[in-house]
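Structure at a glance
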Amino acid sequence: MTETLVDLSRLQFAVTAMYHFLFVPLTLGLSFLLVIMEAIYVMTDKPIYKDMVKFWGKLFGINFALGVTTGITMEFQFGTNWAYYSHYVGDIFGAPLAIEGMMAFFLESTFIGLFFFGWDRLTKMQHFSVTVLTAIGSNLSALWILIANGWMQDPVGSAFSYTTMRMELTDFWAVVFNPTAQAKFVHTVSAGYVTASVFVLGISAWYLLKGRDVEFAKRSFRVAAAFGFASALSVIVLGDESGYGVTESQKSKLAAMEGMWEAEPAPAGFNLLAWPNEEKQANEWEVKIPYALGLIATRSTSEELPGIKEIRETNKARIESGIHAVLGLERLRKNANDNEAKALFEAHQDDLGYGLLLKRYAPNVGEATPAQIAQAAHDTVPKVAPLFWSFRAMVALGFSFALLFTLSFWYSLKGTFADTRWLLRWAVLFIPLPWIANELGWFVAEYGRQPWSIFGVLPTHLSVSTLSIGNLYGSLAGFIGFYTLLLVVELYLMFKFARLGPSSLGTGKYHFERASA
Amino acid sequence: MFDYETLKLIWWLLVGILLLGFAIMDGHDMGVGTLLPFVGKNDNERRVVINTVGPHWDGNQVWFITGGGAIFAAWPLVYATAFSGFYWAMLAVLWALFFRPVGFDYRSKIQNATWRSTWDWGLFVGGAVPPLIFGVAFGNLLQGVPFHFDNNLMSHYTGSFWQLLNPFALLAGVVSSAMITFHGANYLMHRTQGAVFERSRRAAFWSGMVMVASFLLAGVFIGDLPGFVITSTVDPAALPDPLAKTVVIQTGAWLGNFRAMPALWLVPTLAVVAGLIGIALGTLRKPLAAFVASALAMAGIIGTAGVALFPFIMPSISDPRSSLTVWDSVSSHLTLSLMFWATLIFMPLIIIYTSWAYKVMSGKVTEQFITANDKAAY
């Protein structure tokens, strides 16, 4: 298991997941915006709302195609590149993926076909139901994927078996109702709704600035402003951080995100800005809001949050204990009837994962030096600066969306938004920002979990497939090349059809068709 | 509810059923993709071909995704070992599949001959490459794969990509490609008329013939292949540990199950008979019945491979005791049971709404339809 192999495998996973996550949030949110637009069509019977569903549906389809393309990889990459991970936790992790396929992805993918092609063959109510089922399918899909991901962050409902040499499921419902997973789900889908709202708002604002298809754009803007307003509030209130304080597993992530080197008396202050210095294990300077972090993370004023140094110290003890677990396990694997080894293993079983952390430095963990143990303990908190800054950038973007939607919603209630040109310009400029916030959020969640692939259970460096470096360079280059090419094509079509607007429907009613008529 | 041994057997059947579901559903649109550049001679004809599966290919592809998920959940060691071992083969499948979502959705959005023809060939690759590789993979499973487990059950694959392309595996690839093309051609006949129908009919005849002939030929060779036999006593209810058994390699052992239980000969017989009946029905211009026949033929072909291998799933040629079997590559009793109930609840629902979707979109796709829906159709 060389460092290069692990790094390349991680890079490939990060690249493919982050590409995939360019398309998913828009799908999650736009599907519900289509539901809202079609609901208005069903209630009012005004054809302009049908045109809205069809046009935004066209853009939805262009995005969805790449979501599916990049999603195919995700279902199989655990097997191709993370074979030991797949063996070690497949008993738990595989189930939500399989259920996602059966419960959600089938639903979404079957009905999306009827959404596009069923207009003339379905009654109005039938077609509306199809749109609703597509939206429910895509959001249920996110639920199961985030249950799987939540379990990586906080592995509940499972136990290690030394006979099968893997983690096994003990309580399925604990995995499903894992608070970490639920918090992630709500936060992620809300982020998707914000993404789609900014998308529709921004493009509609552009038509209004150009004075094209004004009625179409005004209605779209209104729907996006209202939906976006609700979503932007929920994305902040139900922020992912709320889940972090709840469990032990996320405290190292929280401490790193916050640049909190020392334990703070409760309730902890929130570092609005700071300059973390990894070597000194301290911040050069910081601007602190008293009490804020304690309130956000623990929802209490009395619970204390541990600092990075304290976490590393605790984990050093766990690693030392984990060495016994690994040694006991090795003896048990050779002779399952070795009762002494069994007793040793069982006494230290809870720290097995910590013992495995040492394998990165000492393949034979019994021979690990104090320096190696200290290094492994140091690793248990990821690098502070990348997390600290990504998290702050994401939060700042989140608040800027709330501001944008508060203004948009306010002006749309007043009815003067179409003439408020500065607001329309801002709406256009905002279009790319949700994607940046989404990727930052993904980075914080996944980088913040390092050095684990399954927190406290399985280190990332043990999770990979035993492939050659050459294989990894080849496949990584292939993925990057392929995805980038497809992304360019996607963006070309997206821009082309967004510029064309509802004229692309061929109804003869819109701007370019009238101009040429 | 069920004991561990029963669930292990149920999951062997369920994975088989998922694989068959994938072959029948995603198989027909892959067959359509394979035939696209050949049965559609101009843009309108090609759009007819594409729109026969336009509303359905995405739902059908979920059989593949769910199959992957189900193998992950039920046979985690197979998921880990097969996909990492067959690394480049698997990537070739994934990369070929990339062409489909974008090909279907993007192709007709731009009025440019080069653009459209590029995506047509992309759809061809997305339809033709995966079945070929799956066939080659099965051909390799039947010869054993070079891999072993270390004491921590980490798998090590010691072969190369190129050695997957040996004669028997390529023959299995031909069987697989031909059966998917045959099945897709029957479907195309059912949904088209005129020139496209006639070309599909010819394609169905020839691909059906190749399917039956190559399947029989593979049957002749299988007796000469190294088969695998477990020599230690197996406790089917035991906790899974692939290293706990001993295995020997014996030429012709893949016929052992058929010899022990002659009724199993019905499975390969089904493949041949249903195949021949399907060819006849296509020739007689009864495409829907031919489609059912080609589905049955695929059940026979996939079933034959499964029965020959049983209880093996992925035998190891380099370290036979590392071979993965129905008994020792499974997940825990609880997970198998849970996934069984999940499948029992969701599979019927999936079949019901998929059938409804096909019913809504039923009928021939015509060139008039394409002209009338120039902006909306694929």
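1. Here we look at the nonpolar core
- Formed by 300 residues in total, the largest nonpolar core has its most connected members in Trp56(A), Tyr88(A), Phe93(A), Phe199(A), Trp11(B), Phe64(B) and Tyr106(B).
- For this core, the element with the most residues is helix H3 (residues 83-117) of chain A, which contributes 19 residues.
- Residues within four places of Phe199(A) in sequence aside, it is in contact with Leu26(A), Leu30(A), Trp56(A), Leu59(A), Trp435(A) and Met494(A).

2. What about the packing of helix H6 (residues 113-141) of chain B against helix H7 (residues 167-191) of chain B?
Residues and elements named next belong to chain B.
- Taken N-terminus to C-terminus, the directions of H6 and H7 make an angle of 140°; their axes are 7 Å apart at the nearest point. On the basis of the axis angle, H6 is oblique to H7. Read as a crossing pair, H6 and H7 show a hand that is right-handed. On H7, the residues that touch Ala128, Pro131, Leu132, Gly135, Val136, Gly139 and Asn140 of H6 are Phe168, Ala169, Leu170, Ala172, Gly173, Ser176, Ser177 and Ile180.
- Considering only residue class, the contact of H6 with H7 consists of 9 nonpolar, 6 polar and no charged.

3. Regarding the environment of Lys509(A)
Residue and element names in this part refer to chain A.
- Tracing the sequence through the fold places Lys509 in the loop between helix H18 (469-500) and helix H19 (511-516).
- We classify Lys509 as partly exposed; its relative accessible area is 39%.
- A C-alpha to C-alpha distance of 57 Å links Lys509 and Lys288, two positions 221 residues apart in sequence.
- If we skip the residues at most four places from it in the chain, Lys509 touches Pro47, Asp51 and Arg514.

4. Concerning the domain arrangement of chain A
All names here are of chain A.
- Annotation of chain A at the domain level lists domain 1 (3-159 + 179-247 + 382-505), domain 2 (248-298) and domain 3 (308-379).
- On the domain 3 side, the residues contacting the 13 residues of domain 1 number 9 residues.
- Overall, the association of domain 1 and domain 3 removes approximately 940 Å² of surface from exposure, summing both partners, and the carbon and sulfur fraction of that is 65%.
- Among the residues of domain 1 in contact with domain 3, Pro451, Trp452 and His461 are the three that bury the most area, contributing 40% of the side total.
- Of the charged contacts in the structure, one is a salt bridge between Arg360 and Glu3, with a shortest N-O distance of 3.0 Å.
- In this structure, the connection of domain 1 to domain 3 is made through 2 residue pairs in polar contact (both at pLDDT 80 or more).

5. Considering unusual backbone geometry
- Of note, the bond from Gln450(A) into Pro451(A) is cis; its omega dihedral lies within 30 degrees of zero at 10°.
- Mapped onto the secondary structure, Pro451(A) falls in the loop between helix H17 (433-447) and strand S5 (452-454).
- That bond from Phe310(B) to Pro311(B) is cis: its omega, 0°, falls within 30 degrees of zero.
- Its location among the elements puts Pro311(B) in the loop between helix H11 (287-309) and strand S5 (312-314).

6. Concerning the environment of Asn337(A)
- Summarising the element assignment, Asn337(A) is placed in the loop between helix H11 (308-334) and helix H12 (339-348).
- With 134 residues separating them along the chain, Asn337(A) and Ile203(A) place their C-alpha atoms 68 Å apart.

7. Some details on the pattern of salt bridges
Residues and elements named next belong to chain B.
- Tallied over the full model, the rule gives 28 salt bridges over all chains.
- Note that Asp374 is salt-bridged to Arg47, the shortest N-O span being 2.9 Å. Taken together, the positions of Asp374 in the segment after helix H13 (367-372) and Arg47 in helix H2 (residues 43-53) put the pair 327 residues apart, joining distant regions of the chain.
- Overall, the relative accessible area of 33% leaves Asp374 in the partly exposed class.
- Of the charged contacts in the structure, one is a salt bridge between Asp328 and Lys245, with a shortest N-O distance of 2.8 Å. Of the two residues, Asp328 sits in the loop between strand S6 (324-325) and helix H12 (333-360) while Lys245 sits in the loop between strand S3 (226-230) and strand S4 (247-251), which places them 83 residues apart along the sequence.

8. Brief notes about helix H14 (residues 370-379) of chain A
Residue and element names in this part refer to chain A.
- All of the buried residues in H14 are Ile373, Ala376, Ala377 and Asp379. Along the axis of H14, the buried residues cluster in a sector spanning 155°; they form a single face. Exposed residues lying more than 90 degrees from the buried face of H14 are Pro370 and Ala371.
- The inward-facing, buried residues of H14 abut H11 and helix H13 (352-357).

9. Focus: the interface of chain B and chain A
- Taken together, the contacts link 74 residues of chain B with 84 residues of chain A.
- Summed over both sides, the interface between chain B and chain A buries roughly 6900 Å², with carbon and sulfur atoms accounting for 73% of that surface.
- Among the residues chain B hides against chain A, the three largest losses belong to Phe72(B), Tyr87(B) and Phe98(B). Together they make up 10% of the total.
- Run the count over chain B and chain A and you get 0 salt bridges.
- If you look at where chain B meets chain A, you find 19 residue pairs in polar contact (both at pLDDT 80 or more).

10. A short note on the packing of aromatic side chains
- According to the stated counting rule, one finds 77 aromatic pairs over all chains in the structure shown.
- Arranged with centres 5.1 Å apart and planes meeting at 70°, the rings of Phe172(A) and Trp173(A) form a pair that is edge-to-face.
- Residue class for Phe172(A) comes out buried when judged on its relative accessible area of 9%.
- Measuring from ring centre to ring centre gives 4.9 Å for Tyr354(A) and Trp452(A), while their planes differ by 70°; the resulting arrangement is edge-to-face. Of this pair, Tyr354(A) sits in helix H13 while Trp452(A) sits in strand S5, and the two are 98 residues apart along the sequence.
- Owing to a relative accessible area of 5%, Tyr354(A) belongs among the buried residues under this scheme.
- Looking at Trp452(A), the relative accessible area reads 1%, which means it is buried.
- A network of ring pairs unites the aromatic residues Phe13(A), Phe76(A), Phe78(A), Trp82(A), Tyr85(A), Phe93(A), Phe22(B), Phe64(B), Phe72(B), Tyr79(B), Phe83(B) and Phe134(B) as a single cluster.
- Sitting over the ring of Tyr41(A), Lys124(A) keeps its end group 5.1 Å from the ring centre.
- Just above the ring of Tyr4(B) sits the side chain of Lys8(B); from NZ or CZ to the centre is 4.5 Å.

Parameters at a glance
Residues numbered from 1 in each chain as written. Chains lettered and ligands numbered in written order. Predicted model: local features only at pLDDT ≥ 70, side-chain atom pairs only at ≥ 80, totals over all residues. Heavy atoms only, no water. Core = buried A, V, L, I, M, F, W, Y, C linked by side-chain atoms within 4.5 Å. Buried < 20%, exposed > 50% of the residue type's maximum accessible area, 1.4 Å probe, protein only. Helix = DSSP H or I, 4+ residues; strand = E, 2+ residues; numbered from the N terminus. Contact = heavy atoms within 4.5 Å. Axes fitted to C-alpha atoms, helices over the stretch in contact; angles between N-to-C directions. Parallel < 35°, antiparallel > 145°, perpendicular 65-115°, else oblique. Left-handed = near helix turned anticlockwise from the far one by under 90°. Nonpolar A, V, L, I, M, F, W, Y, C, P; charged D, E, K, R; others polar. Domains from an automatic or database assignment. Buried area = accessible area lost by both parts, 1.4 Å probe. Salt bridge = Lys/Arg side-chain N within 4 Å of Asp/Glu carboxyl O. Polar contact = N/O pair within 3.5 Å; in protein donor to acceptor, adjacent residues only side chain to side chain. Arc of directions from axis to C-beta. Phe/Tyr/Trp six-rings, centres within 6.5 Å; stacked < 30°, edge-to-face > 60°. Lys NZ or Arg CZ within 6 Å of the ring centre and 35° of its normal.

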